[in-house]
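What the coordinates show
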Amino acid sequence: MLAAAKLRWVLAAFCASAGAVYFRAQRWRILLRPVAEVPLGPAFSTTAIGFAATSVLPLRLGELIRPALLARRVGFGVSAAVSSVVLERMFDMLFVILFFLVLSMVYTLPPDLRRTALLLGAGALVGLCVLLLIRLNRARTERVLESVLGWGPAAVGRAIRPLAAGFLDALGALESPAIVARVAAYSALLWSANALPYLFALLALDIHAPLIPAALASIVIVAAFVFIPQGPGFVGTWQAGCVLALDLFGVPRDQAVGYSLLTWVVQMLLNVGLGGFFVAREDLSLRQLMRTSETAAATAAEGPP
């Protein structure tokens, strides 16, 4: 079935996936603006390397490699970079759930799924509001932290203080309405670009299903399936998510399996190819990337240089 895929739509899927990496890098730069002025080049290359590492290493280690590499290259604390990734994930959750709610308006979905999405969306909003309150009450937060650290060993306090300071610095993005608006705009572009490969795969394989609802269902369910840390490449979970999504629209299982393989191959080839290009250009090795992930927490404790 994959051999019969229409090449122009497969190429379009690759282009859309590359665009998603660009939008993610731009959004990351904006989130980090309160901490450092990050050039697009390092943000794009480390984003590509991080997602390549996530594709080939277990437990989503790319999520640690990416901020550690960027912090080292640009020159700021790893804890601030890690905090920005936490904020990224919250915005990602909000927009995936938004896509789900849009889908539920145009296609009847099980009530339990809708309720779960609403709860998750509310949880993400509450999480962002709590982080904003922590940032707005930084002095009080630091006093509470000092009180807690006072009960523990001095070495633990010395390690946690700079980590907490970097985390609070990165939360400054939530204080700026302009930054939040730009992050929201890039999140909308990012998740639209993420959805397009699923839509183009339907066209490439000539699968008869409503394009936008099926693409939205695919990205929402696959995102939910691959969210938790797991084995390299999301093998199995990605395919199960696609099959489940297309089953909502009555697509035959053999077509759904072919669709799951095509979308997976496009994503993996783009991630590994683009990330591999930057790894080779910057003369990095897999061992160095693994060492970066293993030492990210220790490096974060050192605080900003």
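All figures in this text were calculated on a predicted structure; none of them were measured in a lab.

**Digging into the overall build of the protein**
Looking only at helices and strands, one finds twelve helices and zero strands in the protein. Across the protein, helices and strands are ordered from the amino to the carboxyl terminus as α-α-α-α-α-α-α-α-α-α-α-α. The globule rule puts the C-alpha radius of gyration for 305 residues at 19 Å, and the 20 Å found for the protein is close to it. With the C-alpha coordinates aligned to their principal axes, the bounding extent of the protein is approximately 60 × 45 × 35 Å. The long-range share in the protein, meaning contacts at least 24 apart out of those at least 6 apart in sequence, stands at 76%. Counting only carbon and sulfur atoms, one obtains 70% of the accessible surface of the protein, whose full area is about 14,200 Å². Of the charged side chains in the protein, 24 are positive and 16 negative; the average position of the first set lies 2 Å away from that of the second.

**A look at the environment of serine 17**
As for its placement among the helices and strands, serine 17 is situated in helix α1 (residues 7–31). In this structure serine 17 comes out as buried when scored by relative accessible area, which is 3%. Along the primary structure serine 17 and alanine 139 are separated by 122 residues, whereas in three dimensions their C-alpha atoms are 42 Å apart. When neighbours within four sequence positions are excluded, serine 17 is seen to be in contact with Pro197, Val266, Gln267 and Leu270.

**Focus on the packing of helix α4 (residues 78–106) against helix α8 (residues 177–204)**
Contact geometry for α4 and α8: axes closest at 10 Å, N-to-C directions at 55°. The orientation of α4 with respect to α8, classified from their angle, is oblique. Pair α4 / α8 crosses with right-handed handedness. Counted together, Phe91, Asp92, Phe95, Val96 and Phe99 of α4 and Val180, Val183, Ala184, Ser187, Ala188, Leu190, Trp191, Ser192 and Ala195 of α8 form the full contact between these two elements.

**Here's the deal with the confidence of the model for the protein**
It should be kept in mind that the predicted coordinates are not to be read in detail where pLDDT is low. Taken as a whole, the protein shows an average pLDDT of 85; of its residues, 90% reach a score of 70 or greater. Looking across the protein, the model is least confident in helix α12 (residues 286–300), with a mean pLDDT of 60, and most confident in α1, with 96. In this model residues 299–305 is a low-confidence stretch, pLDDT under 50, and it forms 15 contacts with partners more than four residues away in sequence or in other chains.

**Overview of the pattern of salt bridges**
Under the definition given, this model contains eleven salt bridges. Residue aspartate 92 pairs with arginine 24 through a salt bridge whose shortest N-O separation is 3.2 Å. One end of the pair, aspartate 92, is in helix α4; the other, arginine 24, is in helix α1, and 68 residues separate them in sequence. Overall, the relative accessible area of 5% leaves aspartate 92 in the buried class. The partner of arginine 135 in a salt bridge is glutamate 175, and the shortest N-O contact between them spans 2.5 Å.

Cut-offs and rules
Residues numbered from 1 in each chain as written. Predicted model: local features only at pLDDT ≥ 70, side-chain atom pairs only at ≥ 80, totals over all residues. Heavy atoms only, no water. Helix = DSSP H or I, 4+ residues; strand = E, 2+ residues; numbered from the N terminus. Rg over C-alpha atoms; globule rule 2.2 N^0.38 Å. Contact = heavy atoms within 4.5 Å. Areas by Shrake-Rupley, 256 points an atom, 1.4 Å probe, with all protein chains shown as cover. Lys, Arg positive; Asp, Glu negative; His and termini not counted. Charge placed at Lys NZ, Arg CZ, Asp CG, Glu CD. Buried < 20%, exposed > 50% of the residue type's maximum accessible area, 1.4 Å probe, protein only. Axes fitted to C-alpha atoms, helices over the stretch in contact; angles between N-to-C directions. Parallel < 35°, antiparallel > 145°, perpendicular 65-115°, else oblique. Left-handed = near helix turned anticlockwise from the far one by under 90°. pLDDT = per-residue confidence, 0-100. Salt bridge = Lys/Arg side-chain N within 4 Å of Asp/Glu carboxyl O.

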